[in-house]
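Topology and contacts: notes
Here is what each chain is made of, one letter per residue.
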Amino acid sequence: DAGITQSPRHKVTETGTPVTLRCHQTENHRYMYWYRQDPGHGLRLIHYSYGVKDTDKGEVSDGYSVSRSKTEDFLLTLESATSSQTSVYFCAISRVKNTGELFFGEGSRLTVL
Amino acid sequence: QQQVKQSPQSLIVQKGGISIINCAYENTAFDYFPWYQQFPGKGPALLIAIRPDVSEKKEGRFTISFNKSAKQFSLHIMDSQPGDSATYFCAASDPSGTYKYIFGTGTRLKVLA
């Protein structure tokens with residue numbers, strides 16, 4: 001258990017509505033990540049953070065924004081959800097300093113109707 | 001190129017058999033190669049990992065074989081058990097120092113009892 005909590009775990013929303021997913025960690029790690037998982041695509045990086053207020057884009061960042069105002073919380077926002085954003089979203093932290101191996105939360109399943 | 005190509009997409013193995021999953025990468029700067037195991041409804045969990053200066057790493061029934069010249073690595077599961085039935089992802093670390101990982105598309109393994 002890497003001390004990662006994602007909320008909500010499940011959400012159904014309508015196209016065009018804003019959605020915020022929260023990732024909370026209890027271990028004070030510097031690096032945090034948001035990935036999405038889709039069949040046939042594996043895990044793809046959306047955004048990541050390397051410190052409070054320090055964030056950067058991943059390979060599939062269009063339509064997503066993030067914020068990190070505290071070390072323990074990393075928020076992923078879909079400003080106007082689209083059906084293509086229906087996915088399972090995973091938050092991860094990098095725990096081991098030398099190798100940076102990722103440890104994942106349990107995921108948030110988002111359905112956009 | 002930042003891709004990591006994983007095969008096969010799915011695999012069925014008899015109990016006690018050997019499961020083999022292969023991955024190939026293109027970026028020779030990748031410097032760390034973990035494998036993740038994911039059960040339904042759960043986040044991926046780190047299984048085993050290897051650095052490119054090592055040709056093989058074994059942990060229990062799980063072995064990574066690494067071929068640096070071919071830019072390929074594989075996961076071998078010896079004496080496969082029904083409890084090993086899961087989705088497996090290979091990954092490679094982005095060498096930028098931000099611990100970003102590129103993931104393969106996943107292999108769904110089913111071990112028949």
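Residues numbered from 1 in each chain as written. Chains lettered and ligands numbered in written order. Predicted model: local features only at pLDDT ≥ 70, side-chain atom pairs only at ≥ 80, totals over all residues. Heavy atoms only, no water.

Right, let's talk about the overall build of chain A for a bit. Counting its regular elements, chain A contains zero helices and eleven strands. The order of helices and strands in chain A, counted from the N terminus, is β-β-β-β-β-β-β-β-β-β-β. By the compact-globule yardstick of 13 Å for 113 residues, chain A fits well, its C-alpha radius of gyration being 13 Å. A sequence separation of at least 24 residues applies to 53% of the contacts in chain A between residues at least 6 apart. For chain A, the computed accessible surface area is about 5,300 Å², with 48% contributed by carbon and sulfur atoms. (Helix = DSSP H or I, 4+ residues; strand = E, 2+ residues; numbered from the N terminus. Rg over C-alpha atoms; globule rule 2.2 N^0.38 Å. Contact = heavy atoms within 4.5 Å. Areas by Shrake-Rupley, 256 points an atom, 1.4 Å probe, with all protein chains shown as cover.)

For the rest of this paragraph, the subject is the pattern of salt bridges. Overall, the coordinates contain nine salt bridges over all chains when judged by the stated rule. Across the pair A:Glu106 and B:Lys42 runs a salt bridge whose closest N-O atoms are separated by 3.3 Å. In this pair, A:Glu106 sits in the loop between strand E10 (102-104) and strand E11 (108-112) while B:Lys42 sits in the loop between strand E4 (33-38) and strand E5 (45-50), so the two residues belong to two different chains. Among the ionic pairs, B:Lys5 bridges to B:Glu26, the shortest N-O distance being 4.0 Å. With B:Lys5 in strand E1 (residues 4-7) and B:Glu26 in the loop between strand E3 (19-25) and E4, this residue pair connects regions lying 21 residues apart in the sequence. In this structure, a network of salt bridges that share partners links the residues A:Arg22, A:Lys70 and A:Asp73. (Salt bridge = Lys/Arg side-chain N within 4 Å of Asp/Glu carboxyl O.)

Our next topic: the sheet that holds strand E8 (residues 73-78) of chain A. Residue and element names in this part refer to chain A. Pairing within the open sheet is antiparallel, and its four strands lie in the order E1-E3-E8-E7. Strands at the two margins of the open sheet, each flanked by one partner only, are strand E1 (4-7) and strand E7 (64-70). Ignoring which end each strand starts from, the neighbouring axes of this sheet average 20° apart. Bridge count between strand E3 (residues 19-25) and E8: six bridges; the pairing is antiparallel. Bridge assignment links Thr-20 to a residue of E8, and that residue is Thr-77. (Pairing = 2+ DSSP bridges. Axes fitted to C-alpha atoms, helices over the stretch in contact; angles between N-to-C directions.)

It is worth spelling out the environment of A:Glu79 at this point. All names here are of chain A. Among the structural elements, Glu-79 can be located in the loop between E8 and strand E9 (87-94). Judged by relative accessible area, Glu-79 falls into the exposed class, the value being 54%. Separated by 34 residues in sequence, Glu-79 and Leu-45 place their C-alpha atoms 18 Å apart. Excluding residues within four positions of it along the chain, Glu-79 makes contact with Thr-17, Pro-18, Gly-63 and Ser-65. (Buried < 20%, exposed > 50% of the residue type's maximum accessible area, 1.4 Å probe, protein only.)

This part is about the sheet that holds E1(B). Residue and element names in this part refer to chain B. Here we have five strands laid out as an open sheet, ordered E1-E3-E8-E7-E6, and antiparallel in their pairing. Because the sheet does not close on itself, it has two edges, and the strands there are E1 and strand E6 (56-59). Strand-to-strand twist across the sheet, computed as the mean angle between neighbouring axes with direction ignored, equals 15°.

This next bit is on the state of the cysteines. Overall, the coordinates contain two disulfides over all chains when judged by the stated rule. Shown here is the disulfide that connects A:Cys23 with A:Cys91, its sulfur atoms set 1.9 Å apart. Its S-S torsion of about -70° marks the bond between A:Cys23 and A:Cys91 as left-handed, since a negative value means left-handed. Separated by 68 residues along the polypeptide, A:Cys23 in strand E3 and A:Cys91 in strand E9 bring together distant segments of the chain. Judged by relative accessible area, which is 0%, A:Cys23 ranks as buried. The residue that forms a disulfide with B:Cys23 is B:Cys90, at a sulfur-sulfur distance of 1.9 Å. Between B:Cys23 and B:Cys90, the disulfide has an S-S torsion of -95° and is therefore left-handed. Of this pair, B:Cys23 sits in strand E3 while B:Cys90 sits in strand E9 (residues 86-93), and the two are 67 residues apart along the sequence. Overall, the relative accessible area of 2% leaves B:Cys23 in the buried class. (Disulfide = S-S within 2.5 Å.)

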